[in-house]
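Geometric and topological summary
These are the residues of each chain, in order.
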Amino acid sequence: MPVRIWSRRWAVAALVLLIAASAVVPFPRAAADAPGRRPAGGGLSAVVRYTAYGIPHIVARDYPSLGFGTGWAQAQDAVCDLAEAFITVRGERSRHFGARGAPNPRASAATTNLASDLFYRGVRDTGTVERLMATPPPTGPSHRSAELRRGWAAGYNAWLRQERITDPACGKARWVRPVTAVDVAALEFSVGLFGGQALGIDGITAARPPGSTRTADAAQPTPDLTRTAEAAHQLLSPASELPGRDTSLASNAVAFHGSTTANGRGLLLGNPHFPWRGQLRFWQSQQTIPGELNVAGGSLLGSATVSIGYTADIAWSHTDATGIAMNLHQLTLDPADPTTYLVDGRPERMTRRTVTVPVDNGGEVTRAQWWTRYGPVLTSLPGGLTLPWTATSAYALSDPGAANLRGADTALGLAKARSTREILTALNRTQGLPWANTLAADSAGHTLFSQSQVLPRITDDLVRRCSTPLGQLTYPDSGLAVLDGARGDCVPGTDPDAVQPGTFGPAALPLLQDAPYVENSNDSAWLTNADRPLTGHPRIFGPTGTPRSLRTRGAIEDVSALAARGGLTVADLQRQQFSNRAPAGDLAAAETARACAALPGAVRTADVTAACRVLARWDRTMNPASRGALLFDRFWRRLLATVPPADLWTVPFSPADPVHTPRVLNTAAPGFSQALIDTVAELRSTGTALDARLGEHQFVTRGGQRIPVPGGTDALGVWNTIEPDWDPTVGAYPDVPYGTSYLQAVTWTNDHCPDARTLLTYSQSPNPRSPHTADQTRLFSTAHWVTPPFCEGEIRRAPGLRTVTVRE
């Protein structure tokens with residue numbers, strides 16, 4: 001019998017025996033503060049084995065039980081964040097947190113709790129999620145994913161019944177309540193809307209029909225198409241170009257082919273950039289059903305599946321894709337009724353949804369929403385993108401993500417794949433990723449990139465035939481199509497291999513297999529491998545032949561050099577993650593220092609002269625010990641806010657050399673000198689030394705102790721992206737709400753165990769009373785990693801192994 005097959009059979013048998021034995025051993029304490037009682041017998045059950053840093057390895061006999069163990073373990077670590085997420089998708093934030101309060105801006109585009117509630121209560125009232133749950137596969141979710149959701153809800157509820165909440169964020173809150181499988185599905189559904197309806201929550205819930213008199217018509221503003229198109233560009237440009245956009249999700253990932261590695265196997269580095277608090281936190285685990293499933297990685301809170309992970313055969317990660325997952329339809333309204341629109345000359349009445357939301361004073365707020373065959377009417381999108389509803393025209397938002405509840409099936413398909421070829425098969429079969437690219441490597445040395453998004457089938461030809469005047473401006477620049485809603489033939493078509501009507505099928509998606517490297521840092525698929533550019537796709541997939549972000553440019557430089565060098569190992573991935581190189585510094589710091597030294601004496605104070613020397617000596621990294629990093633960071637942010645992109649460089653962008661252009665900082669640009677002078681004044685006003693170590697001013701506080709944070713803003717091009725909040729009163733970044741989150745660097749050994757290093761930058765639990773609220777954050781501060789056990793023997797030998805049997 002081959003060693004590989006024998007070892008797998010042995011592992012399966014060992015896990016089965018472990019589960020059987022767990023039923024007769026005393027029930028261990030679930031946590032240091034748990035009362036030590038046993039859960040009630042019967043029903044679903046799972047074995048949760050905890051290893052270092054509180055990472056659970058969940059073993060169950062079937063999918064409902066696996067969901068049960070996952071829901072229980074997630075509640076143990078993050079019950080408050082989970083409970084708030086469920087309150088959000090139930091439309092009850094205003095009741096508990098105030099109608100004028102706001103959701104986490106890194107997890108929602110809604111600017112008030114009331115707007116969020118009106119939208120999600122409308123989803124709940126109309127049974128949208130229940131209809132999707134009842135849709136048969138392949139368009140709808142599978143029985144397996146339904147069983148996982150059912151089990152997850154049961155596990156979460158069992159934890160609430162059996163354990164005591166110790167997190168002060170919600171210890172006595174009335175909004176911590178049991179959940180249903182519909183709640184779990186609603187949370188999954190809400191994540192799928194991030195590229196579409198979720199962006200329009202304010203505009204959807206605020207949309208009101210205009211008056212019907214001529215006076216009211218005359219008062220309606222004439223839309224400024226050019227300004228609206230500019231706002232669309234700012235909203236929908238790749239997230240890597242918008243470091244301050246609160247609703248952006250971003251990431252890096254690279255996979256190396258076996259021809260570039262030391263052992264001939266694949267290598268993958270995943271580096272998603274996500275919020276550090278709230279429902280979009282990652283949570284780390286291993287999930288096992290003996291003989292059926294064995295996967296480890298990071299899951300978004302509330303998810304019963306692993307979102308980014310690895311197995312004995314494959315590893316994958318996702319990045320935020322550039323495909324525009326929505327479009328607008330401009331409606332031609334009936335002159336006699338602004339709530340009736342015309343399609344091929346025939347009138348259709350809008351559907352009025354009346355939504356009532358409970359608010360914090362014990363009262364209720366009732367509002368109307370207006371829906372069409374295309375989707376909801378809206379009057380704005382974030383970033384000042386106004387879409388007026390006049391007596392003659394309105395806009396409706398179309399989002400295929402609102403008909404997709406297949407994400408869990410995609411995650412399951414990836415977890416069960418044995419090769420990159422099977423990963424591609426799973427992506428093509430389920431078609432459930434709403435806004436993500438997939439990059440993968442396998443133990444045989446293969447690589448994969450796929451822009452496997454659910455995208456409306458908007459071809460360049462459809463846009464040429466059906467664009468409105470606004471669409472003629474927005475589509476070439478931002479990829480946002482604005483189609484003529486008065487024509488029945490101006491709707492997205494359906495590819496023959498698409499499982500969802502109105503979307504592109506797999507054959508149309510950008511794909512690259514078995515390249516020496518595949519890399520993405522949230523720009524389009526064009527330069528996934530700089531030597532094998534991907535072109536020829538409709539504009540809606542993303543731009544080609546346009547400037548790349550500094551993060552993309554720096555990443556391509558780094559990973560292409562690694563691939564050319566060859567002999568790569570996991571250690572090379574670890575070094576890449578924590579190199580903390582600032583490409584903006586490489587391009588501009590020396591020129592800034594020289595221009596600083598050449599400033600006229602009238603403006604070059606002693607402090608400015610000192611700043612020139614600091615910038616010249618800066619090591620061009622965002623390491624905690626770097627001197628000059630803080631000074632350049634503050635200067636660069638101010639410069640970008642002052643100088644238009646077209647005036648920033650003297651050598652313009654060239655499509656023939658996209659990695660190295662534009663370049664040569666334009667130090668003569670108006671605003672350059674003042675940006676430098678103001679930066680020096682800003683730091684001096686708070687007593688901050690110009691050569692202060694970055695880690696002294698970029699940190700988080702856990703348990704009363706400051707933990708320096710490495711990395712830097714996306715605007716600097718740093719791979720290890722973090723987006724900290726600046727406090728001008730103290731001259732520091734004392735909090736990090738967003739950035740590098742769950743890290744994994746993976747290859748495989750000869751015994752078929754994954755050789756993985758992982759790190760959850762903000763640690764496993766947001767509960768300040770948990771022993772795992774800052775342990776991995778301290779590792780992140782010092783560029784150290786976790787080596788989590790995966791194979792059965794590794795888990796059983798893990799120091800401090802603690803086993804918990806959880807039951808209903």
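Residues numbered from 1 in each chain as written. Predicted model: local features only at pLDDT ≥ 70, side-chain atom pairs only at ≥ 80, totals over all residues. Heavy atoms only, no water.

What to know about the overall build of the protein chain
Within the protein chain, the secondary structure is distributed over 22 helices and 31 strands. For the protein chain, the C-alpha radius of gyration of 27 Å lies close to 28 Å, the compact-globule estimate for 808 residues. Overall, the C-alpha framework of the protein chain stretches about 80 × 70 × 55 Å when taken along its three principal axes. Per-residue burial over the protein chain gives 62% buried out of 808 residues. Here the analysis covers contacts within the protein chain between residues at least 6 apart in sequence; of these, 69% occur between residues at least 24 apart. If you sum the accessible surface of the protein chain, you get close to 29000 Å²; carbon and sulfur atoms cover 54% of it. (Helix = DSSP H or I, 4+ residues; strand = E, 2+ residues; numbered from the N terminus. Rg over C-alpha atoms; globule rule 2.2 N^0.38 Å. Buried < 20%, exposed > 50% of the residue type's maximum accessible area, 1.4 Å probe, protein only. Contact = heavy atoms within 4.5 Å. Areas by Shrake-Rupley, 256 points an atom, 1.4 Å probe, with all protein chains shown as cover.)

Examining the pattern of salt bridges
For the structure on display, the rule yields 31 salt bridges. When the shortest N-O distance is used, the salt bridge between Arg575 and Asp572 registers 2.8 Å. With Arg575 and Asp572 both in helix H16 (residues 570–577) and 3 residues apart, the pair spans about one turn of that helix. What makes Arg575 exposed here is its relative accessible area of 52%. Given a relative accessible area of 6%, Asp572 falls into the buried group. Asp633 serves as the salt-bridge partner of Arg637, at 3.1 Å between the closest nitrogen and oxygen. Taken together, the residues Arg637 and Asp633, both in helix H19 (residues 629–642) and 4 residues apart, mark about one turn of the helix. Connected through salt bridges with shared partners, the residues Asp461, Arg465, Arg487 and Asp489 form a single ionic network. (Salt bridge = Lys/Arg side-chain N within 4 Å of Asp/Glu carboxyl O.)

Concerning empty space enclosed by the protein
Applying the stated criterion across every chain yields a total of 9 cavities of 30 Å³ or more. In this structure, the largest cavity encloses a volume near 640 Å³. Residue lining of the largest cavity: 42 residues in total, with Val191, Leu300, Ser303, Ser307 and Gly407 positioned closest to the centre. Mapped onto the lining of the largest cavity, the elements with two or more residues apiece are helix H6 (143–162), helix H7 (181–192), strand E4 (267–275), strand E8 (314–320) and helix H11 (407–416). Here the residues of the lining of the largest cavity sort into 23 nonpolar, 15 polar and 4 charged. (1 Å grid on protein atoms, 1.4 Å probe; cavity = no way out; pocket = protein on both sides within 12 Å on 5 of 7 lines; lining within 4 Å. Points joined across faces, edges and corners; volume = space filled by probe spheres on them. Nonpolar A, V, L, I, M, F, W, Y, C, P; charged D, E, K, R; others polar.)

Structural notes on the confidence of the model for the protein chain
For residues with low pLDDT, the predicted coordinates do not support detailed interpretation. The pLDDT averaged across the protein chain works out to 91; a share of 92% of its residues lies at or above 70. Scored below 50 in pLDDT, residues 212–219 makes 4 contacts in the model with residues more than four places away or belonging to other chains. Contacts for the low-pLDDT stretch residues 239–247, under 50 throughout, to residues beyond four places or in other chains number 34 contacts. (pLDDT = per-residue confidence, 0-100.)

Notes on the pairing of strand E1 (residues 45–51)
Taken across its 7 residues, E1 has 7 buried, putting it largely inside the fold. The alternating pattern of E1 places Ser45, Val47, Arg49 and Thr51 on one face and Ala46, Val48 and Tyr50 on the opposite face, and all of these are buried. In this sheet, strand E31 (residues 802–807) lies alongside E1 in antiparallel orientation, the contact comprising 6 bridges. Looking across to E31, one finds that Val47 is bridged to Thr805. As judged from the 5 bridges shared by E1 and strand E2 (residues 55–59), these two strands associate in the antiparallel manner. (Pairing = 2+ DSSP bridges.)

Quick look at the environment of Leu433
Structurally, the position occupied by Leu433 is in the loop between helix H12 (420–430) and strand E17 (436–442). Owing to a relative accessible area of 9%, Leu433 belongs among the buried residues under this scheme. The spacing of Leu433 and Tyr341 is 92 residues in sequence and 32 Å in space, taken between C-alpha atoms. Excluding residues that lie within four positions of it along the chain, Leu433 makes contacts with His318, Thr410, Leu427, Thr438, Ser452, Gln453 and Val454.

Things to note about the environment of Leu480
With respect to the helices and strands, Leu480 occurs in the loop between helix H14 (469–478) and strand E19 (482–484). For Leu480, a relative accessible area of 1% puts it in the buried group. Measuring from C-alpha to C-alpha, the distance between Leu480 and Gly67 comes to 38 Å, with 413 residues separating the pair along the chain.

A closer look at the packing of helix H15 (residues 550–565) against helix H17 (residues 583–597)
Running from amino to carboxyl end, H15 crosses H17 at an angle of 100°, the nearest separation of the two axes being 8 Å. As the angle between them shows, H15 and H17 are arranged roughly perpendicular. For the pair H15 and H17, contact is made by Leu550, Arg553 and Gly554 and by Pro583, Ala584 and Leu587, respectively. Across the contact of H15 with H17, the residue classes break down as 4 nonpolar, 1 polar and 1 charged. (Axes fitted to C-alpha atoms, helices over the stretch in contact; angles between N-to-C directions. Parallel < 35°, antiparallel > 145°, perpendicular 65-115°, else oblique.)

A look at the environment of Arg457
Within the element layout of this structure, Arg457 appears in the loop between strand E18 (447–450) and helix H13 (460–466). Taking C-alpha positions, Arg457 is 20 Å from Thr410, a pair spaced 47 residues apart along the chain. If we skip the residues at most four places from it in the chain, Arg457 touches Leu462, Pro492, Gly493, Thr494, Asp495, Gly502, Thr503 and Phe504. Of the polar contacts made by the side chain of Arg457, one reaches the side chain of Asp495; its length is 2.4 Å. (Polar contact = N/O pair within 3.5 Å; in protein donor to acceptor, adjacent residues only side chain to side chain.)

Some points on the state of the cysteines
For the structure shown, the criterion picks out 4 disulfides. What pairs with Cys596 in a disulfide is Cys612, and their sulfur atoms sit 1.8 Å apart. Since a negative S-S torsion denotes a left-handed disulfide, the Cys596-Cys612 link at about -75° is left-handed. Highlighted residues: Cys596 in helix H17 and Cys612 in helix H18 (residues 606–617), separated in sequence by 16 residues. Cys612 matches Cys596 in its accessibility class, with the two residues each being buried. For the protein chain, numbering the cysteines in disulfides from first to last along the sequence yields the connectivity 1-2, 3-4, 5-6, 7-8. (Disulfide = S-S within 2.5 Å.)

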